[in-house]
Amino acid sequence: MNRLQLMKIHSLLAAFIFPVAIMFMVTGSLYTWGIKGSYFVETFDIPLEQAIQPELTELTVLAEEELHKLGLSVPSGQAKIKTMGSQFTLEWTGSDKDISLAPTDNTLVAQLTVKKTSWYRNLVQLHKAKGGVIFKVYAVVFAISMLLLLFSGFMMAWQTPKLKRITSITFVAGIGSFFVFVYLS
C-alpha cells in the first residue's frame, strides 16, 4: 500500500470515528475521576396477587408489564437477579434507564424503581456497553477503526526516513510505560 492510499484511509477513518472517539475519551476519562452523570428516579408500588420469587423470567415479565402500563420501554441491557442473603432484586440496566424490581415488607406489594439517565449518563451507559445491539456493533466498528488508525499512523511514520528512529524510540517507550503503569497500579 503506498503512502497516499495509507494517508487517505487514515484520514477518512479518523473523520468517520471522530464523534464516537470523543465520546469514549470524555466519558472514560471523567469516569475514572468519579464523574458518571445522574439519574432521575421514580418509585412505584406494584400490587401483587401472590409474593414474587427470585425467578428471572417471571420478574422480567412483571417488569415489562409494569413498564408498558407506565408507557416506558424496557432497558436496552440484560436483566439479572441480584441476591443479598435472603433478599433479591431484579436489576435491568440500559443506556436510557435502569430499573429494579424488589419485594417489600408487604409480600403482596413489590417496588419498581425507574432511574432515567441524564444526557451525560446516557453516554456513560453507552460507553459501558449498556446500549442496544446497534450501538454495540458501532462500538466494534470504532474499535477496529482505532486499530487501523494506529496501524496506519505507525506505518506512515515508519515509512518516513526522518521519523523512523523517533518512531522506534517512542514505540518502545510506550510499551515500557504501559507495563510500568500497570505494575504501579
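The text that follows walks through the structure, step by step, so that each part is easy to find. Just so it is clear, the structure is predicted and the values come from calculations on it, not from any experiment.

### Describing helix 1 (residues 3-31)
At Phe18, helix 1 shows its largest kink, close to 55 degrees, and the proline Pro19 lies no more than four residues downstream. Those residues of helix 1 lying buried are Leu6, Leu13, Ile17, Val20, Ala21, Met23, Phe24 and Thr27. For helix 1, the side-chain oxygen to backbone nitrogen distance between the N-cap and Leu4 is 3.1 Å, and the N-cap itself is Asn2.

### Re the side chain of Asp98
As for its placement among the helices and strands, Asp98 is situated in strand 4 (residues 97-103). Within the buried set, Asp98 has no salt-bridge partner at all; the shortest N-O distance to an opposite charge, 4.5 Å, is to Lys115. A polar contact of 3.3 Å, which involves the side chain of Asp98, links it to the backbone nitrogen of Gly94. With near-sequence residues (within four places) excluded, Asp98 lies in contact with Tyr39, Trp92, Thr93, Thr113, Val114, Lys115 and Gln125.

### Some thoughts on the environment of Thr104
Mapped onto the elements, Thr104 comes out in the loop between strand 4 and strand 5 (109-117). Residues Thr104 and Ile52 lie 52 residues apart in sequence; the distance between their C-alpha atoms is 9.8 Å. At a separation of 2.9 Å, a polar atom in the side chain of Thr104 contacts the main-chain carbonyl oxygen of Asn106. For Thr104, the side chain forms a polar contact with the main-chain oxygen of Val109, separated by 2.6 Å.

### Re the sheet that holds strand 4
Strand pairing in a sheet relies on backbone hydrogen bonds. The paired strands run either parallel or antiparallel. Across the sheet, which stays open at both edges, the 5 strands sit in the order 1-5-4-3-2 with antiparallel pairing between neighbours. The outermost strands of the open sheet, each flanked by one partner alone, are strand 1 (39-47) and strand 2 (79-84). Strand-to-strand twist across the sheet, computed as the mean angle between neighbouring axes with direction ignored, equals 20 degrees. Sheet analysis places strand 3 (residues 87-93) next to strand 4, joined by 4 bridges and oriented antiparallel. Bridged to Thr93 within strand 4 is Asp98. Helix-sheet contacts for helix 2 (residues 56-69) involve strand 1, strand 2, strand 3, strand 4 and strand 5, and the interaxial angle to strand 3 is about 55 degrees. Each of strand 1, strand 3, strand 4 and strand 5 is contacted by helix 3 (residues 119-127), which is oriented at about 95 degrees to strand 5, the strand it contacts most.

Criteria and cut-off values
- Residues numbered from 1 in each chain as written.
- Predicted model: local features only at pLDDT ≥ 70, side-chain atom pairs only at ≥ 80, totals over all residues.
- Heavy atoms only, no water.
- Bend = angle between axes of the 7 residues up to and from the residue.
- Helix = DSSP H or I, 4+ residues; strand = E, 2+ residues; numbered from the N terminus.
- Buried < 20%, exposed > 50% of the residue type's maximum accessible area, 1.4 Å probe, protein only.
- Polar contact = N/O pair within 3.5 Å; in protein donor to acceptor, adjacent residues only side chain to side chain.
- Lys, Arg positive; Asp, Glu negative; His and termini not counted.
- Salt bridge = Lys/Arg side-chain N within 4 Å of Asp/Glu carboxyl O.
- Contact = heavy atoms within 4.5 Å.
- Pairing = 2+ DSSP bridges.
- Axes fitted to C-alpha atoms, helices over the stretch in contact; angles between N-to-C directions.

That is the geometry; function is a separate question.
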